[in-house]
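# Coordinate inspection notes
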Amino acid sequence: MAYRCKKCGRVWDDQTAEENELLCTRRCGGECIAESDDDPAPNKVYIELTTDCNMDCPMCIRHSWDSPGGQMSDETFDAIMTQLADMPSIKTVNFSGFGEPMIHPKFFEFTARLKQAGLAVEAITNGLVLNSEAINKLIDLPLDRLIVSVDSLSAPAGEMMHAGSFDSVSEALRILYHRRQLRHADKPELNIEFVASRKNIGQLPQLRQLSLVLGFSRIIVSNLIPQTQDQADNLLYDASCNVSRGQEISPWQPCLDMPVMDMCDESNDAIKRMIRTGILLRVNGANVSGEGPHCRFIEEGRLAICSDGSLSPCLALMHSHKYYFRKRSKRILGYHPGNVNETSIKDIWDSQEYRSFRARVRKFEFSPCLDCGGCNLRESNETDCADETFPRCGECLWAAGWIQCP
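Residues numbered from 1 in each chain as written. Predicted model: local features only at pLDDT ≥ 70, side-chain atom pairs only at ≥ 80, totals over all residues. Heavy atoms only, no water.

## Structural notes on the sheet that holds strand S7 (residues 145-149)
Taking strand neighbours across the sheet as the criterion, the nine strands line up as S9-S8-S7-S6-S5-S4-S13-S14-S17 in an open arrangement whose pairing is mixed. Pairing within the sheet leaves two strands with one partner each, and these edge strands are strand S9 (218-223) and strand S17 (338-339). Here six bridges tie strand S8 (residues 189-196) to S9, and the two strands are oriented parallel to one another. Note on S9: the bridge partner recorded for phenylalanine 194 is valine 221. Where helix H3 (residues 107-116) meets the sheet, its contacts fall on strand S5 (92-95) and strand S6 (120-125), and the angle it forms with S5 comes to roughly 170°. (Pairing = 2+ DSSP bridges. Helix = DSSP H or I, 4+ residues; strand = E, 2+ residues; numbered from the N terminus. Contact = heavy atoms within 4.5 Å. Axes fitted to C-alpha atoms, helices over the stretch in contact; angles between N-to-C directions.)

The structure is reproduced here in structure tokens:
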């Protein structure tokens, strides 16, 4: 049996129960409940400060949603701050969502308050607001991690992405890197987020070469979520129809154990054809195929809060929107088990509805929509051929491993 303290998230088992329960009782009153340790305590929250943006990128889901949008109010952020103080298991706040967080008038004030509370703070930005004053403030706070969207270095590769922004953004990143060096500062850590398509993937090696000039230490690559049929024609995962269903080796899912070898045309072509069959691929003992459909948001204890205070399990379910997959449009309805202006994050997290949802996602016994040729039930995430309990995640692009978030 595993135990978790509802107050601080501390986890222990029967063998260490006496010692750890005593420590937890002294620390926070020992509000402990017996539960499976497969359900991690929440540790990271994504906060959407605004749904507004200073860009109008064709790839953005803001083109297909019906959300009213808006900016997070002081009252909603105050509620979040109060509630986070009661949830010490949450260590990191990420300002993102589907707007530009740095255009919120209180971005720096809110960041400072979170830092003063002892939390690590990250922000995802298109980089267009990184002027001299903003750069100094980011270093002074300091912001722990800055993730900047850089999808193309030149046109026409970026016509679906953040077109035309690279010149000004790259100059800002040079200044940020230079000032960090002058001040012997190691924060903010700079990462690049790259949304890949057939049009821009060829620029990825060129972007990597800029790391020593721009000062970034990580490139986070995700795939394009198409908002139109034209965009769907430029996907890099359209042919990856056979999703690995875990690591169980069988005649239906054999394993290909490869050594390290040169990435030449001959080997690339052979391996590419093997991957399309859904084979389990390992290189030098390391798994390359993935672990089958699974939700990192649920498995890693993450949650998201919309600008109006609505809590959602993940970024994908924050807003109702649509996308194209296998030449067909799919409607995603947002899912919100509560709102922080009405119910605390802790109570929403511990509610029967939300615990039941997380248990269903961990099992991932949804219909195999990612592999299926398609039916009318694929038109939305309201139902599938296995169940009618909303929401259904069988065709989640994030769970498939095609889309990923920092």
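From this point, the narrative continues.
## Here we look at the sheet that holds strand S12 (residues 286-287)
Pairing within the open sheet is mixed, and its three strands lie in the order S10-S11-S12. Two strands close off the open sheet at either side, each with one partner strand: strand S10 (255-258) and S12. Taken together, the four bridges between S10 and strand S11 (residues 280-283) define a ladder with parallel strand orientation. Counted as the bridge partner of methionine 258 is valine 283 from S11.

## Here's the deal with unusual backbone geometry
Cis rather than trans, the peptide bond between lysine 187 and proline 188 has omega equal to 0°. Along the chain, phenylalanine 390 connects to proline 391 via a cis peptide bond; the corresponding omega equals -5°. Within the fold, proline 391 resides in the segment after helix H12 (352-363). The phi angle at asparagine 284 is positive, at roughly 55°, despite the residue not being glycine. One can find asparagine 284 in the loop between S11 and S12. On the accessibility criterion, asparagine 284 (62% relative accessible area) is exposed. (Buried < 20%, exposed > 50% of the residue type's maximum accessible area, 1.4 Å probe, protein only.)

## Observations concerning the packing of aromatic side chains
All told, the structure shown has twelve aromatic pairs when counted by the stated rule. Their ring planes at 45° and their centres at 5.1 Å tell us that tyrosine 335 and phenylalanine 357 sit as a pair that is tilted. Remark: phenylalanine 357 occurs in helix H12 and tyrosine 335 occurs in the loop between strand S16 (328-332) and S17; sequence separation between them is 22 residues. We classify phenylalanine 357 as buried; its relative accessible area is 2%. One aromatic cluster is present, formed by Tyr335, Trp349, Tyr354, Phe357 and Phe390 through successive ring pairs. Stacked on the ring of phenylalanine 108, the Lys or Arg lysine 137 has its end atom at 5.0 Å from the ring centre. Sitting over the face of the ring of phenylalanine 297, arginine 302 holds its NZ or CZ atom 6.0 Å from the ring centroid. (Phe/Tyr/Trp six-rings, centres within 6.5 Å; stacked < 30°, edge-to-face > 60°. Lys NZ or Arg CZ within 6 Å of the ring centre and 35° of its normal.)

## Digging into the pattern of salt bridges
Enumeration over the complete set of coordinates arrives at 16 salt bridges. In this structure, the salt-bridge partner of arginine 358 is aspartate 39, at a minimum N-O distance of 2.9 Å. Highlighted residues: arginine 358 in helix H12 and aspartate 39 in the loop between strand S3 (32-34) and strand S4 (44-47), separated in sequence by 319 residues. Accessibility expressed as a relative area gives 0% for arginine 358, which makes it buried. Aspartate 140 serves as the salt-bridge partner of arginine 183, at 2.4 Å between the closest nitrogen and oxygen. Here arginine 183 is found in the loop between helix H5 (166-182) and S8, whereas its partner aspartate 140 is found in helix H4 (residues 132-140), with 43 residues between them in sequence. What makes arginine 183 partly exposed here is its relative accessible area of 40%. If you follow the salt bridges from partner to partner, you end up with Asp39, Arg358 and Arg362 in one network. (Salt bridge = Lys/Arg side-chain N within 4 Å of Asp/Glu carboxyl O.)

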